[in-house]
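For reference, the chains in residue letters:
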Amino acid sequence: MKHLQTGVLIAATVSTGLMAGLFAAFAYAVMPGLAKSSDHTLVEAMQSINKAILNPVFMLPFMGAIPLLGLAVVLAWRGHGRSVLPWLIAALVLYLVAFMVTSGVNVPLNDQLARAGDPAHAGQLAATRADFENKWVLWNVVRALLHTAAFACLAWALFVYGGADQPHESRHTGASARTPAPAFRPGHPPGRAAPAGNPAPLRPARIPRTWP
């Protein structure tokens, strides 16, 4: 059970971290770069990105993180590592909110942009860009922050979970180090310690014999 819980927690952390990194990259690199481009370039680039991103490499961690987080919460509740449960619940809530932002705001904006058609033949590209860009950028920053916060919660949960057994082991190690070695006293065979508080038996003194 503990190995399963560890594997699920690591998988959930990696999946959430991948999503945080992806949306953060859009926030600090992709969209600032496209902001300096023409209307035609931005519309064409985002339409192509929105089509290309629908692949298993993206969908597996994006969708799979939710059941992984749910399973991590259940395993922590029922088994080892209850100390990380609040962090797992916080990560799950943050991820679900970010997922709703994506599905409720960014995806509809992507669909709206797709309906504009081929930018080479579409008219009013400036209006299409204005209806899409600022709102999409704002909510992408929101979901990037939410995913990053969820990832931070999971990273801390992993740290706490990994150190949960160390104090217990240290106590045993310290107790073993402080256990004194058995004391041996004269008159007792090796392997048997002399009883505490009992002096070693005294041998009678030998009286020299004298001749008359």
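Within any chain, residue numbers begin from 1 and follow the written order of that chain's sequence. Note on the predicted model: pLDDT of at least 70 is required for a residue's local features to be given, and 80 or more for side-chain atom pairs to be given and counted; whole-chain, interface and lining totals, by contrast, use all residues. In computing side-chain values, all of the structure's heavy atoms are included and hydrogens and water are not.

*Asks:* Please clarify how the packing of aromatic side chains should be interpreted in this entry.
*Replies:* Describing an aromatic ring pair means giving the distance of the ring centres and the angle of the ring planes. Stacked, tilted and edge-to-face pairs are distinguished by plane angle, under 30 degrees for stacked and over 60 for edge-to-face with tilted covering the rest, among Phe, Tyr and Trp rings (Trp via its six-membered ring) whose centres lie within 6.5 Å. What the rule picks out here adds up to 7 aromatic pairs. Here a set of aromatic residues connected by ring pairs shows up, and it is made of F23, F58, F62 and F99. Comment: the charge-over-ring label is applied if NZ (Lys) or CZ (Arg) is within 6 Å of the ring centre and within 35 degrees of the ring normal. Positioned above the aromatic ring of W77 is the side chain of R82, whose terminal nitrogen or guanidinium carbon lies 4.5 Å from the ring centre.

*Asks:* What is the right way to read the layout of surface pockets from this model?
*Replies:* Over the atoms rolls a probe the size of a water molecule, and in doing so it shows where empty space is left. Space inside the largest pocket adds up to approximately 440 Å³. A cavity here means a set of 1 Å grid points, computed over protein atoms only, where a 1.4 Å probe fits but cannot escape. A pocket is an open set with protein on both sides within 12 Å along at least 5 of 7 lines, and lining residues have an atom within 4 Å of a point. Around the largest pocket, the lining is made up of 22 residues, and of these N50, I53, L54, V107 and N110 lie nearest the centre. Breaking the lining of the largest pocket down by element, the ones donating at least two residues are α1 (2–35), α2 (39–52), α3 (56–78), α4 (85–115) and α5 (125–162). Helix and strand definitions follow DSSP, with helices as H or I runs of at least four residues and strands as E runs of at least two, each counted in order from the N terminus. When residues in the lining of the largest pocket are grouped by element, the largest group, 8 residues, is from α4. Taken together, the residues of the lining of the largest pocket break down into 13 nonpolar, 6 polar and 3 charged. Grid points are joined across faces, edges and corners, and a volume is the space filled by probe spheres set on the points. Three classes are used: nonpolar for Ala, Val, Leu, Ile, Met, Phe, Trp, Tyr, Cys and Pro, charged for Asp, Glu, Lys and Arg, and polar for all others, with Gly counted as polar.

*Asks:* Quick question: what am I supposed to make of the confidence of the model for the protein chain here?
*Replies:* Fine structural detail should not be taken from predicted coordinates in areas where pLDDT scores are low. In this model, the protein chain carries a mean pLDDT of 84, and residues with pLDDT of at least 70 account for 77%. Across the protein chain, α4 holds the top mean pLDDT of 97, while helix α6 (residues 166–178) sits lowest at 48. Every residue is assigned a pLDDT by the predictor, reflecting its confidence on a scale from 0 to 100. Any two residues whose heavy atoms approach within 4.5 Å are treated as being in contact. Across residues 167–177, where pLDDT falls below 50, the model places 0 contacts with residues more than four positions away in sequence or in other chains.

*Asks:* Explanation requested: the environment of V84 in the structure shown.
*Replies:* Along the chain, V84 turns up in the loop between α3 and α4. For V84, a relative accessible area of 0% gives the class buried. Placed 11 residues apart in sequence, V84 and V73 show a C-alpha to C-alpha distance of 8.9 Å. Look past the residues within four positions of V84 in its chain and what remains in contact with it is A76, A157, V160 and Y161. Throughout this description, buried means an accessible area under 20% of the type-specific maximum (1.4 Å probe, protein chains only), exposed means over 50%, and partly exposed covers the range between.

*Asks:* Got a minute to help me understand the nonpolar core in this structure?
*Replies:* One broad trend across soluble globular proteins is that nonpolar side chains are buried collectively. Nine residue types can take part in a nonpolar core, namely buried Ala, Val, Leu, Ile, Met, Phe, Trp, Tyr and Cys, and a core is a set of them joined through side-chain atoms within 4.5 Å. With 26 residues, the main nonpolar core has F62, L69 and L88 as its most contacted residues. Within the residue set of this core, elements represented by two or more residues are α1, α3, α4 and α5. Apart from residues lying up to four places away in sequence, F62 is in contact with M19, F23, Y95, F99 and T102. In terms of nonpolar packing, the next biggest core, distinct from the first, is built from 12 residues, F26, L42, L109 and L125 among them.

*Asks:* Which parts of the structure should I look at to understand α4?
*Replies:* Count 3.6 residues to each turn of an α-helix, and residues three or four apart come out pointing the same way. Multiplying one less than the number of residues by 1.5 Å gives the expected span of a helix. Its 31 residues place the ends of α4 44 Å apart at the C-alpha level, agreeing with the 45 Å of an ideal helix rising 1.5 Å per residue. Where α4 bends most, the angle comes to about 30°, and this point is T102. G117 sits one or two positions beyond α4 and adopts a positive phi of about 85°. To get the bend at any residue, fit one axis to the seven residues that end at it and another to the seven that begin at it, then take the angle between the two axes.

*Asks:* Help me understand the packing of α1 against α2 in this model?
*Replies:* Helix packing geometry: the angle between the two helix axes and the distance between the axes. Where α1 contacts α2, the axes come no closer than 9 Å and their chain directions differ by 140°. With respect to their mutual orientation, α1 and α2 come out oblique. Along the contact surface, α1 presents F26, V30, M31 and L34, while α2 presents L42, A45, M46 and I49. Of the residues contributing to the contact of α1 with α2, the split by class is 8 nonpolar, no polar and no charged. Simply put, an axis is a line fit to the C-alpha atoms, just over the touching stretch for a helix, and the angle between two N-to-C directions goes from 0 to 180 degrees. The cut-offs work like this: below 35 degrees is roughly parallel, past 145 is roughly antiparallel, 65 to 115 is roughly perpendicular, and the gaps in between are oblique.

*Asks:* Looking at this model, I keep getting lost on the side chain of R129. Mind explaining?
*Replies:* Tracing the sequence through the fold places R129 in helix α5. For R129, a relative accessible area of 9% puts it in the buried group. A distance of 3.3 Å separates a polar side-chain atom of R129 from the backbone oxygen of L34. There is a polar contact of 3.1 Å between the side chain of R129 and the backbone oxygen of A35. Each residue touching R129, except ones within four places of it in the same chain, is listed here: L34, A35, S37, S38, D39 and L42. What qualifies as a polar contact is a pair of N or O atoms within 3.5 Å, subject to a donor-acceptor requirement within protein and to the restriction that residues adjacent in sequence count only when both atoms come from side chains.

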